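# Coordinate inspection notes
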Amino acid sequence: MPPASDDLIHDPDGGLPRLCAIMARLRDPASGCPWDLEQDFASIAPYTIEEAYEVADAIERQDWPELRGELGDLLFQSVFHAQMAEEAGHFDLDDVIRSISDKMIARHPHVFGTESRDKSADQQTADWEALKAAERGPARVLDGVALGLPALMRAVKLQKRAARVGFDWPSTDQVVAKITEEAAELVEARDTLSQAEVTEEFGDLLFVMANLARHLNVDPEAALRAANAKFTRRFQRIEDWLGEQGRTPAESDLAEMDALWDRAKAEEKAAKAAKG
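Nothing here was measured: the structure is a model prediction, and the numbers come from that model.

Of the regular secondary structure elements, the chain holds 13 helices and zero strands. Overall, the chain shows an N-to-C arrangement of helices and strands of α-α-α-α-α-α-α-α-α-α-α-α-α. In terms of overall dimensions, the chain is more spread out than a globule: its C-alpha atoms have a radius of gyration of 25 Å, far above the 19 Å expected for 276 residues. Referenced to the eigenvectors of the C-alpha coordinate spread, the extents of the chain come out at roughly 65 × 55 × 50 Å. For the chain, long-range pairs separated by at least 24 residues make up 49% of all intrachain contacts whose partners lie at least 6 apart in sequence. On the chain, roughly 18,500 Å² of surface is accessible, and the fraction owed to carbon and sulfur atoms is 58%.

See the structure below:
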């Protein structure tokens, strides 16, 4: 690809071609950025994952101006990977766009083809999974569940795959019973086994918790993000109240902070009730 002109790079209305030109300049061996030139797919992948989470965080907070910026950061990650792939002779951004466009058309025959649109969301999801399976061809049940996914998300996807062939508990009662069993095994491991075995038992408990989330139609990643946000919010209220007295949490004790936690919890409940 010939070098992009400075006019395009500095054109605020240059759109996607401008972004691609900026990326190509950053990776230019003669005049690019030393940091960008040192990167490869593996070194950039963690940033890609981080940017996806920052998009989810902006959505969670309904911060739309920030979402605009975070989506740009995520788009830049795709352009970065495509630029490196083009340099290596694998593919370019046009190939990426063509691939996803073809996939969306193929997986929506009820929109772009002749199939009826008169389907429930569940039926459309089932059809989507069937099309994906057909694209993969002959494969083992759990093949294709990406190793790089967050662990909770991958656990749910593995369980969904197994459930399609009937390997699943029929009710949440059995899942809850399994959680009780795994929790007891974890306590036993804590008291009698090695740290490696404790880690294994803890993993088993988390895996079953992910299964319960699936049965309850709960996204465990989203649920944990919300719990993290709630913890942060309430703990910061503790800091605020202690700060009004000229103290920090380190200068308090558990009993006092626990009481303030209950106060923060009651405050949130009252605010929710006031909103109706």
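Another point: the environment of Glu 66. Along the chain, Glu 66 falls in helix H5 (residues 64–88). The spatial distance from the C-alpha of Glu 66 to the C-alpha of Val 55 is 8.5 Å, given a sequence separation of 11 residues. Once you skip the residues sitting within four places of it in the chain, Glu 66 turns out to touch Ala 58 and Arg 61.

Below, the discussion takes up a nonpolar patch on the surface. The grouping of Leu 16, Leu 75, Phe 91, Val 96, Ile 97 and Ile 100 at the surface amounts to a nonpolar patch, some 450 Å² of accessible area in total. At three residues, helix H6 (residues 93–106) tops the list of elements feeding residues into the nonpolar patch. If you trace the backbone, Phe 91 turns up in the loop between H5 and H6. Given the relative accessible area of 36%, Phe 91 is considered partly exposed.

All right, on to the pattern of salt bridges then. Inspection of the entire model under this criterion finds 16 salt bridges. With a closest N to O distance of 3.0 Å, Asp 6 and Arg 25 form a salt bridge. With Asp 6 in helix H1 (residues 6–9) and Arg 25 in helix H2 (residues 15–26), the pair connects residues that are 19 residues apart, well separated along the chain. Residue classification places Asp 6 among the partly exposed positions, given a relative accessible area of 43%. Notably, a salt bridge pairs Asp 191 with Arg 190, separated by 2.9 Å at the nearest N-O pair. This pair shows no difference in class: Asp 191 is exposed, exactly as Arg 190 is. Connected via shared salt-bridge partners are Asp 57, Arg 61, Asp 63 and Glu 66.

The next point concerns the packing of aromatic side chains. Following the criterion strictly, the structure yields four aromatic pairs and no others. Ring geometry for Trp 35 and Tyr 47: centres 5.8 Å apart, planes at 80 degrees, overall edge-to-face. In this pair, Trp 35 is assigned in helix H3 (residues 34–38) and Tyr 47 in helix H4 (residues 41–60), connecting sequence segments 12 residues apart. Taking relative accessible area as the criterion, Trp 35 reaches 39% and is therefore assigned partly exposed. Taking the centre distance of 5.9 Å and the plane angle of 70 degrees together, the rings of Phe 76 and Phe 80 count as edge-to-face. Remark: Phe 80 and Phe 76 occur in helix H5; sequence separation between them is four residues, near one turn of the helix. For Phe 80, a relative accessible area of 1% puts it in the buried group. Among the aromatic side chains, those forming a connected cluster through ring pairs are Phe 231, Phe 235 and Trp 261. Of note, Arg 263 hangs over the ring of Trp 241, and the distance from its end group to the ring centre comes to 3.9 Å.

A few words on the layout of surface pockets. If you add up the space inside the largest pocket, you get close to 920 Å³. Lining the largest pocket are 26 residues, with Glu 129, Val 156, Lys 157, Lys 160 and Arg 214 sitting closest to its centre. Sorting the residues of the lining of the largest pocket by element identifies helix H8 (121–136), helix H9 (151–164), helix H11 (195–215) and helix H12 (220–244) as the ones contributing at least two each. Take the lining of the largest pocket: its biggest share by element is seven residues, from H9. Residues of the lining of the largest pocket, tallied by class, amount to 10 nonpolar, four polar and 12 charged. Approximately 320 Å³ is the volume found for the second largest pocket. Of all the secondary structure elements, the ones that give two or more residues to the lining of the second largest pocket are H9, helix H10 (172–192) and H11. Element by element, the count of residues in the lining of the second largest pocket is highest for H11, at five residues. Its residues placed into classes, the lining of the second largest pocket shows eight nonpolar, two polar and five charged.

Conventions we followed
Residues numbered from 1 in each chain as written. Predicted model: local features only at pLDDT ≥ 70, side-chain atom pairs only at ≥ 80, totals over all residues. Heavy atoms only, no water. Helix = DSSP H or I, 4+ residues; strand = E, 2+ residues; numbered from the N terminus. Rg over C-alpha atoms; globule rule 2.2 N^0.38 Å. Contact = heavy atoms within 4.5 Å. Areas by Shrake-Rupley, 256 points an atom, 1.4 Å probe, with all protein chains shown as cover. Patch = residues over 30% accessible without salt bridge, like charges linked within 9 Å, V, L, I, M, F, W, Y side chains within 5 Å. Salt bridge = Lys/Arg side-chain N within 4 Å of Asp/Glu carboxyl O. Buried < 20%, exposed > 50% of the residue type's maximum accessible area, 1.4 Å probe, protein only. Phe/Tyr/Trp six-rings, centres within 6.5 Å; stacked < 30°, edge-to-face > 60°. Lys NZ or Arg CZ within 6 Å of the ring centre and 35° of its normal. 1 Å grid on protein atoms, 1.4 Å probe; cavity = no way out; pocket = protein on both sides within 12 Å on 5 of 7 lines; lining within 4 Å. Points joined across faces, edges and corners; volume = space filled by probe spheres on them. Nonpolar A, V, L, I, M, F, W, Y, C, P; charged D, E, K, R; others polar.

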